[in-house]
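The primary structure of each chain is shown beneath.
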Amino acid sequence: MPIEIQNVQKNFGSFTALKDVNLIIPDGELVALLGPSGSGKTTLLRIIAGLEEASSGSVRFVGEGKSSSKIQNGEVGFVFQHYALFRHMTIAENIAFGLEVRPKSTRPSKQEIQEKVSKLLTLIQLEKFHNRYPHELSGGQRQRVALARALAIEPKFLLLDEPFGALDAKVRKELRNWLRRLHDEIHITSVFVTHDQEEALEVSDRIVILNQGQLEQVGSPDEVYNKPKSPFVFHFLGDVNLFHGRIEEGKTKIGNIALDSSEHENIKESDAVAYVRPYDVEIVREKEQGIAAEIQYIHSTGRNVRVELKRVDTGTLIESVLEQETYKYLNLLPGETVYLRIKKAKVYVEDFSI
Ligand SMILES: Nc1ncnc2c1ncn2[C@@H]1O[C@H](COP(=O)(O)OP(=O)(O)OP(=O)(O)O)[C@@H](O)[C@H]1O
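As a convention, each chain's residues are numbered from 1 in the sequence order in which they are written. pLDDT decides what is reported in this predicted model: residues at 70 or higher carry local features, side-chain atom pairs at 80 or more are listed and counted, and totals for whole chains, interfaces and linings draw on all residues regardless. Water and hydrogen atoms play no part in the side-chain values, which are based on all heavy atoms of the structure.

Draft legend 1. Region of interest: the nonpolar core. Throughout this description, the term nonpolar core refers to a set of buried Ala, Val, Leu, Ile, Met, Phe, Trp, Tyr and Cys residues connected via side-chain atoms within 4.5 Å. With a 1.4 Å probe rolled over the protein chains alone, any residue whose accessible area is under 20% of its type maximum counts as buried; one over 50% counts as exposed, and the rest are partly exposed. Within the largest apolar cluster, 43 residues are counted, with the highest numbers of intra-cluster contacts made by Ile95, Ile124, Val145 and Leu147. Ranked by residues supplied to this core, first place goes to helix H4 (residues 139-152) with seven residues. Note on contacts: a residue pair is in contact if any heavy atoms of the two residues lie within 4.5 Å. Those residues in contact with Ile95, other than ones at most four positions away along the chain, are Val117, Leu120, Leu121, Ile124, Val145, Ala148, Arg149 and Ala152. Ala274, Leu332, Leu340 and Val347 belong to the second-largest nonpolar core, a separate cluster that totals 25 residues. Labels follow the DSSP assignment, with helices taken as runs of H or I lasting at least four residues and strands as runs of E lasting at least two, numbered in each case from the N terminus.

Below you can see the structure in the form of C-alpha cells.
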C-alpha cells in the first residue's frame with residue numbers, strides 16, 4: 001500500500017520542524033529518509049507512524065481511505081535504534097510476543113505461531129539460536145531479532161528509525177546488505193531513517209533528502225547522487241571541490257579551462273560554481289588545458305590515493321582521488337606543481353538555483 005503525505009507541517013511552539021512536505025511512498029518500496037541532524041527525519045517518520053500529529057496536512061495510506069491517526073495497531077512494524085528485546089524471554093519467545101498477546105479471537109494457534117517463528121528465524125538466519133536469550137547475542141544479531149519481531153505481526157508497513165545506528169561500521173554494513181536482500185524477498189512498504197549517506201545510497205529504492213524541515217530532493221540513489229538538484233544535495237552526498245568561474249554561452253570558464261555546460265546554454269553570462277567530486281579531478285603533467293596547483297599532501301588509502309593540492313592562482317585547496325596505478329604512473333611528490341583537469345562537473349549559477 002502506498003503512503004501519501006500531503007502538505008505536512010509540524011510546529012513545536014514557534015519552531016517549524018517540517019514545512020510543506022509532499023511525498024508519495026510507493027507500494028513495496030524501501031525508502032530512506034536522509035538528512036543532517038535536526039532536519040526532521042524522525043519527526044516525519046513519527047507522523048507517518050501516527051505517533052505524532054502533524055500541525056497541518058495529512059498522511060493517507062492509499063487504497064483503504066485511512067489517515068494515519070486511524071491506522072490500526074498491528075498494521076505497522078517498528079524497529080528502533082535501541083529496540084530493547086525482552087531480556088527474560090528467549091529469541092523465539094521475543095519473536096512470538098506480538099502474536100501471543102493478541103486477543104483470543106484473532107490469535108493464531110500455538111502451532112501456527114511456532115511455524116511462523118521458525119520461518120522468521122530462518123529469514124534472519126538465526127535458526128540455531130532460538131533458545132538463546134538476548135544477552136547471548138551480538139548487537140547485530142539482536143537487531144535482526146528486533147526486525148523479525150516487527151515482521152511477526154505481518155504489518156502492512158515497516159518503519160525503522162536508525163535501525164543500525166548503534167552498531168559498529170562493519171556490522172552496520174553487513175546488516176544493511178542483509179536488509180536489502182530481505183526487502184527484495186518480502187517487498188513490504190518500508191521507510192527508514194538514517195543520517196548515513198552510504199547506507200541510504202546502498203540500501204534504498206528511493207531516497208528522500210531533508211534539509212531544515214523541507215524536502216530537498218526525492219529520487220533513486222542514482223538520481224540523487226548523479227543529478228543532485230541543489231548544491232546542498234551535492235555537498236551532503238559526498239566530498240566535493242568547488243571551482244568558481246563564469247558561464248559564457250554554454251561554457252563554464254575556470255582559470256584557463258572551459259567546461260561544456262550545455263544545460264546553461266541560454267545563459268549569456270553569469271558567475272557560476274562547478275561542483276566536482278575528488279575522483280573527477282584529474283592530475284596531469286602537461287601544462288596545456290590544466291589549472292596549475294601545488295601538491296600539499298599525498299595519502300594512500302589502500303585502493304586509492306588522495307592528493308591535496310593548492311591552486312596556484314587562487315590558493316583554494318582541492319582534493320583529487322586517483323587509482324594507485326595512475327598515481328604510480330605520474331610519480332607525484334609533495335611540493336611539485338601539476339595541472340588539474342575536470343572530468344565531470346555539475347555547474348550551478350551563482351545564485352544557487354538551476
Ligand atoms: N518534541 C519536540 N519539541 C521541540 N522540538 C522538537 C521536538 N522534537 C523534535 N524537535 C526539533 O525538531 C527538529 C527536527 O527533529 P528530528 O528529531 O525530526 O530531527 P532528525 O532529522 O531526526 O535529527 P537526528 O538525526 O539528530 O535524530 C529538531 O530541531 C528538534 O530539536
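Draft legend 2. How the structure looks around the side chain of Ser190. Structurally, the position occupied by Ser190 is in strand S8 (residues 189-194). Sequence-distant contacts of Ser190, that is, excluding residues within four places in its chain, are made with Glu29, Leu30, Val31, Leu158, Leu160 and His183.

Draft legend 3. Quick look at the layout of surface pockets. Whether a set of points on the 1 Å grid over the protein atoms alone is a cavity depends on a 1.4 Å probe fitting there but being unable to get out, while an open set qualifies as a pocket with protein on both sides within 12 Å along at least five of seven lines; lining residues are those with an atom within 4 Å of a point. Grid points are joined across faces, edges and corners, and a volume is the space filled by probe spheres set on the points. Counted as a void, the second largest pocket has a volume near 290 Å³. As for the second largest pocket, its lining consists of 16 residues, of which Glu282, Ile283, Leu322, Thr326 and Leu330 are closest to the centre. The biggest single contributor to the lining of the second largest pocket is strand S15 (residues 281-284), with four residues. Residue type decides the class: Asp, Glu, Lys and Arg count as charged, Ala, Val, Leu, Ile, Met, Phe, Trp, Tyr, Cys and Pro as nonpolar, and the leftover types, Gly among them, as polar. The residue inventory of the lining of the second largest pocket, partitioned by class, reads eight nonpolar, two polar and six charged.

Draft legend 4. Molecular detail of the site of the ligand. To be near a molecule or strand, a residue needs just one of its heavy atoms within 4 Å of it. In the region of the ligand, the neighbouring residues are Phe12, Phe15, Ala17, Pro36, Ser37, Gly38, Ser39, Gly40, Lys41, Thr42 and Thr43. In the analysis that follows, any N or O atom pair within 3.5 Å is treated as a polar contact, provided that within protein one partner can donate a hydrogen and the other can accept it, and provided that, for residues neighboring in sequence, both atoms belong to side chains. A distance of 2.5 Å separates an oxygen atom of the ligand from a polar atom in the side chain of Thr43. Relative to its unbound accessible surface of 640 Å², the ligand loses 57% to contact with the protein. Residue contributions to the shell around the ligand peak at three residues, all from helix H1 (residues 41-49). Here the shell around the ligand is composed, by residue class, of four nonpolar, six polar and one charged. Note on areas: these come from Shrake-Rupley sampling with a 1.4 Å probe, and a residue is covered only by the protein chains present in the view.

Draft legend 5. Representation of the domain arrangement of the protein chain in the model. Under the domain assignment used here, the protein chain contains domain 1 (3-236) and domain 2 (241-349). Residue ranges for the domains originate in an automatic or database domain assignment. The distance between the C-alpha centroids of domain 1 and domain 2 comes to 40 Å. Contacts between the two partners involve eight residues from domain 1 and, on the opposite side, eight residues from domain 2. By buried area we mean the combined loss of accessible area, with a 1.4 Å probe, across both parts when two parts are placed together. Roughly 780 Å² is buried in total at the junction of domain 1 and domain 2, and carbon and sulfur atoms are behind 54% of that figure. Taken as a group, Tyr225, Pro231 and Phe234 account for 67% of the area that domain 1 buries against domain 2, more than any other trio of residues on that side. The interface formed by domain 1 and domain 2 holds four residue pairs in polar contact (both at pLDDT 80 or more) in total.

Draft legend 6. Representation of the packing of aromatic side chains. Two rings from Phe, Tyr or Trp (for Trp, the six-membered ring) form a pair when their centres are within 6.5 Å of each other. A pair whose planes differ by under 30 degrees is stacked, one over 60 is edge-to-face, and the rest are tilted. Following the criterion strictly, the structure yields six aromatic pairs and no others. Taken together, a centroid distance of 4.5 Å and an interplanar angle of 55° make the contact between Phe61 and Phe157 tilted. With Phe61 in strand S4 (residues 56-61) and Phe157 in strand S7 (residues 157-161), this residue pair connects regions lying 96 residues apart in the sequence. Look at Tyr275 and Tyr348: their rings are 5.0 Å apart centre to centre, the planes differ by 85°, and that puts the pair in the edge-to-face class. One end of the pair, Tyr275, is in strand S14 (residues 269-276); the other, Tyr348, is in strand S20 (residues 346-349), with 73 residues separating them in the sequence. Among the aromatic residues, those joined into a cluster by ring pairs are Phe234, Tyr275 and Tyr348. Only Lys NZ and Arg CZ are tested; either one counts as a charge over a ring when it is within 6 Å of the ring centre and within 35 degrees of the ring normal. The ring of Phe129 carries Arg132 above its face, with NZ or CZ at 3.9 Å from the centroid. The ring of Trp178 is capped by Arg144, whose NZ or CZ atom sits 5.8 Å from the centre of that ring.

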